[in-house]
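Structural description and commentary
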Amino acid sequence: MRKMMRFRSFSVFASLIFFSIWSILVVAEERTLSLVEAIQILKKENPQIRGMKQNAKKEAALVKSQYAPPDPMISYQELDRGNNTKYWGVSQKVEFPSSYLARGSAQKHRARGADIKYSAMALKQRGELIYTYYEVYSLGQMIQFTEANRNAIREVARVAERKYTSGDASQTDSMRAHVEQTSLEAEIRLLQQKKTTALSRLKELLNISQNVSLELSDLDLKSPPLPEFEQSLEGSFDLQIAREVYLEADDKKYEARLEFMPDFQVRYQRQFSGLPEDSYILMLEASVPLWFWGPTGKAQAAQYEQNQKQAELLATKNKIDRERYTLVENLKTQSELLEIYENALIPQAQTSYSATSSSYKASKASFLDLLERERFLLGVQIKSYAVLIDYVRLLTQYELIIGREVIDVESLQGNL
């Protein structure tokens, strides 16, 4: 009997330990993030940003290698002309000095381009995170509004049933209310599916396992203010990259022209055994560009490549100018739409729905009128957050166009 009690006590103790550990592990797998915290994690953990940073370091490390001549050659020679003489020697090939300068300059432009790409990737991923975070937040708000409307319709269904029981209304109103509830349930499921997809994309950006339960912090997200628009395109990452590519092509053209210049080779040999004693050989060689059509073809190809990069630079500038103009106009429109929804449509829809709901309960309005007001209210509430998502997306695209941050995330979050 005592053994049985001891066994049961041990089992209970073991179960408590197991559930305690399980609870700790579950809590460890749950994460709640604010937008500011998410951006801090993004800078450290995002694989694409880290990859571009390493690529920029690689290109910068290659600059000094372009100034180095090839390795020298060490030789051993044995000369037998009656007297056996042995020599050790060393030789060094050197290209025309300007070739090293041209290659080094080209690599510098390539390294600058890689560094600009890293900055562009960091800003792009930051914008993608902000947009995705706002999408998750907005979908959560849409779900809350839809659930609130579903509960309101559920209450209306009860009123309709009481009216039907008392003979003040037909059973049609009650049936329509139940159909509307089912429709809202389906809408909630679709919104939850979209939120799950957006959360999955957020985890990917933050390099967080998909098995981790991630939720947004209990903070209200404000709409980012409309920035002061810039006319200059000099900060554009795409324009800077295209300019570095053009300058690299210009250096390569200069390097190709140096193919007509001679390369040199210096050789020194010293006797270390045999006769004559203390003899040495010093040799200086220079290449002669006799087969001129080879360097000519390379120089022409380099010129054509430079012309191509120059045309691409101009095309990039025109493209960015067009995108900036379009984004500015679209941002102004979306900002105006947000104000219309927040200050006019939503308050009006709420007032209209409340008035019609009271009238329906007092049998002064039809159920169809109430249903129409309910659908209109839900529609403007959801549409306002859809406009907010589009507005934030356009802002992040505008950041990439001008090459700097315009969304101050620390000023956007406040208590609900």
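The residue count restarts for each chain, going from 1 along the sequence in the order it is written. Where local features are concerned, this predicted model is filtered to residues with pLDDT of at least 70; where side-chain atom pairs are given and counted, the filter is 80 or more; whole-chain, interface and lining totals use all residues. Excluded from the side-chain calculation are hydrogens and water; included are all heavy atoms of the structure.

Notes on a nonpolar patch on the surface
A contiguous nonpolar surface patch, about 740 Å² in accessible area, is contributed by Phe260, Val288, Leu290, Trp291, Phe292 and Trp293. One can find Trp293 in helix H7 (residues 293–361). Since its relative accessible area comes to 56%, Trp293 is described here as exposed. Exposure above 30% relative accessible area and the lack of any salt bridge qualify a residue for a patch; like charges then connect within 9 Å, and the nonpolar side chains Val, Leu, Ile, Met, Phe, Trp and Tyr within 5 Å. With residues, only the protein chains shown are counted as cover, and all accessible areas are computed by Shrake-Rupley using a 1.4 Å probe. The salt bridge criterion pairs a side-chain nitrogen of Lys or Arg with a carboxyl oxygen of Asp or Glu, the two atoms within 4 Å. Secondary structure follows DSSP: runs of H or I at least 4 residues long count as helices, runs of E at least 2 residues long count as strands, and numbering of each begins at the N terminus. A 1.4 Å probe rolled over the protein chains alone gives each residue an accessible area, and that area as a share of the maximum for its type sets the label: buried under 20%, exposed over 50%, partly exposed in between.

Things to note about helix H6 (residues 237–257)
To estimate how far a helix should extend, the number of its residues minus one is multiplied by 1.5 Å. The terminal C-alpha atoms of H6, which comprises 21 residues, lie 31 Å apart, in line with the 30 Å expected from a rise of 1.5 Å per residue. The set of residues buried in H6 consists of Phe237, Leu239, Ile241, Ala242, Glu244, Tyr246, Glu248, Ala249, Asp251, Lys253 and Ala256. Taking the backbone nitrogen of Asp238 as reference, a side-chain oxygen 3.5 Å away marks Ser236 as the first, capping residue of H6. N or O atoms within 3.5 Å of each other form a polar contact, as long as, within protein, one can give a hydrogen and the other can take it, and as long as residues adjacent in sequence are counted only when both atoms are side-chain atoms.

Re the nonpolar core
We call a set of buried residues a nonpolar core when its members are Ala, Val, Leu, Ile, Met, Phe, Trp, Tyr or Cys and they connect through side-chain atoms within 4.5 Å of each other. Counting residues in hydrophobic clusters, the biggest one holds 75 residues, and the most contacted among them are Leu35, Leu129, Ile130, Tyr134, Leu202 and Leu206. Taken together, the elements giving at least two residues each to this core come down to helix H2 (35–45), helix H3 (47–61), helix H4 (97–166), helix H5 (171–206), strand E4 (213–216), H6, H7 and helix H8 (367–402). It is H8 that provides the largest number of residues to this core, a total of 18 residues. Residues in contact with Tyr134, not counting those within four places in the same chain, are Leu35, Leu221, Lys222, Pro224, Leu388, Ile389, Val392 and Leu412. One finds Ile116, Leu123, Phe237 and Ile241 within the second-largest nonpolar core, a separate group that totals five residues. Working rule for contacts: check all heavy atoms of both residues, and any pair within 4.5 Å makes them a contact.

With respect to the confidence of the model for the protein chain
Known as pLDDT, the predictor's per-residue confidence is scaled from 0 to 100. Looking at the protein chain, pLDDT values average 85 and 89% of them are 70 or higher. Note on residues 18–28: pLDDT is under 50 here. Beyond four places in sequence and across chains, it has zero contacts.

Digging into the pairing of strand E3 (residues 84–94)
Pairing geometry for strand E2 (residues 73–80) and E3, over eight bridges, is antiparallel. Paired with Glu78 across the two strands is Lys86, which belongs to E3. The rule for pairing is simple: two strands pair if DSSP sees at least two bridges between them. Counting the residues in the hairpin turn of E2 and E3 gives three residues, including Gly82, whose phi is positive at 95°. Bridging between E3 and strand E6 (residues 264–273) involves nine bridges; their strand directions are antiparallel. Along E6, the bridge assignment pairs Val90 with Tyr268.

So, the environment of Met73
Here Met73 lies in strand E2. For Met73, a relative accessible area of 56% gives the class exposed. When near neighbours in sequence (up to four residues on either side) are disregarded, Met73 contacts Gly89, Val90 and Ser91.

A closer look at unusual backbone geometry
Residues other than glycine seldom take positive phi values, yet Asn207 does so here, at roughly 60°. Given a relative accessible area of 42%, Asn207 falls into the partly exposed group.

Some details on the sheet that holds strand E7 (residues 280–286)
In space, the four strands of this open sheet follow the order E2-E3-E6-E7, with antiparallel pairing throughout. Since the sheet does not close on itself, it has two edges, and those belong to E2 and E7, each with one partner. Each strand of the sheet is rotated relative to its neighbour by a mean of 20°, with strand direction disregarded. Pairing geometry for E6 and E7, over seven bridges, is antiparallel. By the bridge assignment for E7, Tyr268 is matched with Leu282. Between N-to-C directions, angles span 0 to 180 degrees; the directions come from axes that are lines fitted to C-alpha atoms, helices contributing only their stretch in contact.

Some thoughts on the side chain of Asn46
One can find Asn46 in the loop between H2 and H3. Given a relative accessible area of 1%, Asn46 falls into the buried group. Among the polar contacts made by the side chain of Asn46, one reaches the main-chain amide nitrogen of Gln48 at a distance of 3.1 Å. Within the local environment of Asn46, its side chain forms a polar contact with the backbone oxygen of Leu205, the two atoms lying 2.8 Å apart. Those residues in contact with Asn46 that sit more than four places away from it in its chain are Ile41, Gln125 and Leu205.

Quick notes on the packing of H7 against H8
Two quantities define a packed helix pair, namely the angle between the axes and the distance from one axis to the other. The geometry of H7 relative to H8 is characterised by a closest axis approach of 8 Å and an angle of 160° between their N-to-C directions. Regarding the angle of H7 to H8, the classification is roughly antiparallel. Note that H7 runs across H8; the crossing there is left-handed. Each residue gets one label: Ala, Val, Leu, Ile, Met, Phe, Trp, Tyr, Cys and Pro are nonpolar, Asp, Glu, Lys and Arg are charged, and the others, such as Gly, are polar. Taken together, the residues that form the contact of H7 with H8 break down as 24 nonpolar, 10 polar and seven charged. Oblique is the label for any angle not under 35 degrees, not over 145, and not in the 65 to 115 range, which are roughly parallel, roughly antiparallel and roughly perpendicular in turn. By the definition used in this description, the sense in which the near helix is turned from the far one sets the handedness, with an anticlockwise turn below a right angle giving left-handed and a clockwise turn giving right-handed.

Regarding the side chain of Glu135
Inspection of the secondary structure assignment puts Glu135 in helix H4. With a relative accessible area of 15%, Glu135 lands in the buried category. Discounting residues that sit within four places of it in the chain, Glu135 has contacts with Ala198, Arg201 and Ile389.

Re the packing of H6 against H7
Look at H6 against H7: their axes get within 8 Å of each other, and the N-to-C directions meet at 165°. The angle between H6 and H7 falls in the class roughly antiparallel. Between H6 and H7 lies a crossing whose hand is left-handed. Here the contact of H6 with H7 is built from residues that sort into 11 nonpolar, four polar and 10 charged.

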